[in-house]
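Understanding the architecture of this molecule
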Amino acid sequence: MQELIEQYVEENELVSAYGQETIQLVKNYSFSELEQFKVYIDKFYFGWKSAEKDTSIKINPYEKAALHDELANTFKRVIIQFNQGKTKDINSYLYISLKNVFKDYAETQQENPTDLPPVPLDKWLG
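Once that is clear, we can look at the overall build of the chain. The secondary structure content of the chain amounts to 7 helices and 0 strands. Along the chain, helices and strands appear, N-terminal first, in the series α-α-α-α-α-α-α. Here the chain holds 126 residues, and the buried ones make up 39% of them. Surface accessibility of the chain: about 7,800 Å² in total, with carbon and sulfur atoms responsible for 53%.

What follows is the structure, encoded as C-alpha cells:
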C-alpha cells in the first residue's frame, strides 16, 4: 500500500503543492491506507478550490513554504482535536480549517505578493 501512496504523491505533485511535512503527516495519520490518504488529500484540494471561489483570487500553492507550514500545522491541530474528542466529524472540520488557511493565504498574497512576511519598514527607516 505504501508504494501506491508514494506513486499517488508523485503523480499529483502533492509535495510541491502542500509541502513535505504536510504529506508526511497525512501519510502517518492515514495509516498507509490509500483510500484514507485520498480522503484527507481531497480536503486540501477542495479547500483550496473553494477558497479560490470564495475570494475570486487564483491561489498557487506550489513551492510556497509559508503556506505549507500553515497547512501542516492546521492538519496537526485538526487531528489532535479529533483525537481529544473535540470534533466528531473530522472530514468536515478538516475541510473548513484548510479552506480558511487557503483563504487567509489568498488575501495575504493580494496585499503582499511574495512568500515572505511583510517587512516593517517604519522601524527600519526610523
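That was the structure; now back to the text.
So, about helix α5 (residues 65–83). Its 19 residues place the ends of α5 27 Å apart at the C-alpha level, agreeing with the 27 Å of an ideal helix rising 1.5 Å per residue. For α5, the secondary structure elements touched by its buried residues are α2 (14–18), α3 (20–29), α4 (34–55) and α6 (90–111). Count one or two residues on from α5 and you reach Gly-85, which has phi positive near 80 degrees.

Let's shift gears to a negative patch on the surface. A cluster of acidic residues, Asp-69, Glu-70, Asp-104, Glu-107 and Glu-111, forms a negative patch at the surface. Sort the elements by how many residues they give to the negative patch and α6 lands first, with 3 residues. Counting through the fold element by element, Asp-69 comes out in helix α5.

Attention now goes to the environment of Thr-55. Within the secondary structure layout, Thr-55 lies in helix α4. Under the relative-accessibility criterion, Thr-55 is labelled buried at 16%. Each residue touching Thr-55, except ones within four places of it in the same chain, is listed here: Lys-103, Ala-106 and Glu-107.

The final tally for this structure, using the stated rule, is 10 aromatic pairs. Between Tyr-18 and Phe-44, the aromatic rings sit 5.1 Å apart at their centres with planes inclined by 40 degrees, giving tilted as the arrangement. You can see Tyr-18 sitting in helix α2 and its partner Phe-44 sitting in helix α4, a full 26 residues away along the chain. Taking the relative accessible area as the measure of exposure, Tyr-18 reaches 2% and is therefore buried. Residues Tyr-40 and Phe-75 carry aromatic rings whose centres are separated by 5.4 Å and whose planes lie at 80 degrees to one another, so their mutual orientation is edge-to-face. Pair noted here: Tyr-40 is in helix α4 and Phe-75 is in helix α5, with a separation of 35 residues, a long-range link. With relative accessibility at 0%, the residue Phe-75 sits in the buried group. Every member of this aromatic cluster is reached through a ring pair, and the members are Tyr-18, Tyr-29, Tyr-40, Phe-44, Tyr-45, Phe-46, Trp-48, Tyr-62, Phe-75 and Phe-102.

A complete count under the given rule lists 6 salt bridges for this structure. A salt bridge links Glu-6 to Lys-27, with the shortest nitrogen-to-oxygen separation between them at 2.4 Å. With Glu-6 in helix α1 (residues 2–11) and Lys-27 in helix α3, this pair connects stretches of sequence that are 21 residues apart. For Asp-54, the salt bridge identified is with Lys-103, shortest N-O distance 3.8 Å. You can see Asp-54 sitting in helix α4 and its partner Lys-103 sitting in helix α6, a full 49 residues away along the chain. A relative accessible area of 42% means that Asp-54 is categorised as partly exposed. Look at Lys-103 and you get partly exposed, because its relative accessible area is 23%.

Parameters at a glance
- Residues numbered from 1 in each chain as written.
- Predicted model: local features only at pLDDT ≥ 70, side-chain atom pairs only at ≥ 80, totals over all residues.
- Heavy atoms only, no water.
- Helix = DSSP H or I, 4+ residues; strand = E, 2+ residues; numbered from the N terminus.
- Buried < 20%, exposed > 50% of the residue type's maximum accessible area, 1.4 Å probe, protein only.
- Areas by Shrake-Rupley, 256 points an atom, 1.4 Å probe, with all protein chains shown as cover.
- Expected span 1.5 Å × (residues − 1).
- Contact = heavy atoms within 4.5 Å.
- Patch = residues over 30% accessible without salt bridge, like charges linked within 9 Å, V, L, I, M, F, W, Y side chains within 5 Å.
- Salt bridge = Lys/Arg side-chain N within 4 Å of Asp/Glu carboxyl O.
- Lys, Arg positive; Asp, Glu negative; His and termini not counted.
- Charge placed at Lys NZ, Arg CZ, Asp CG, Glu CD.
- Phe/Tyr/Trp six-rings, centres within 6.5 Å; stacked < 30°, edge-to-face > 60°.

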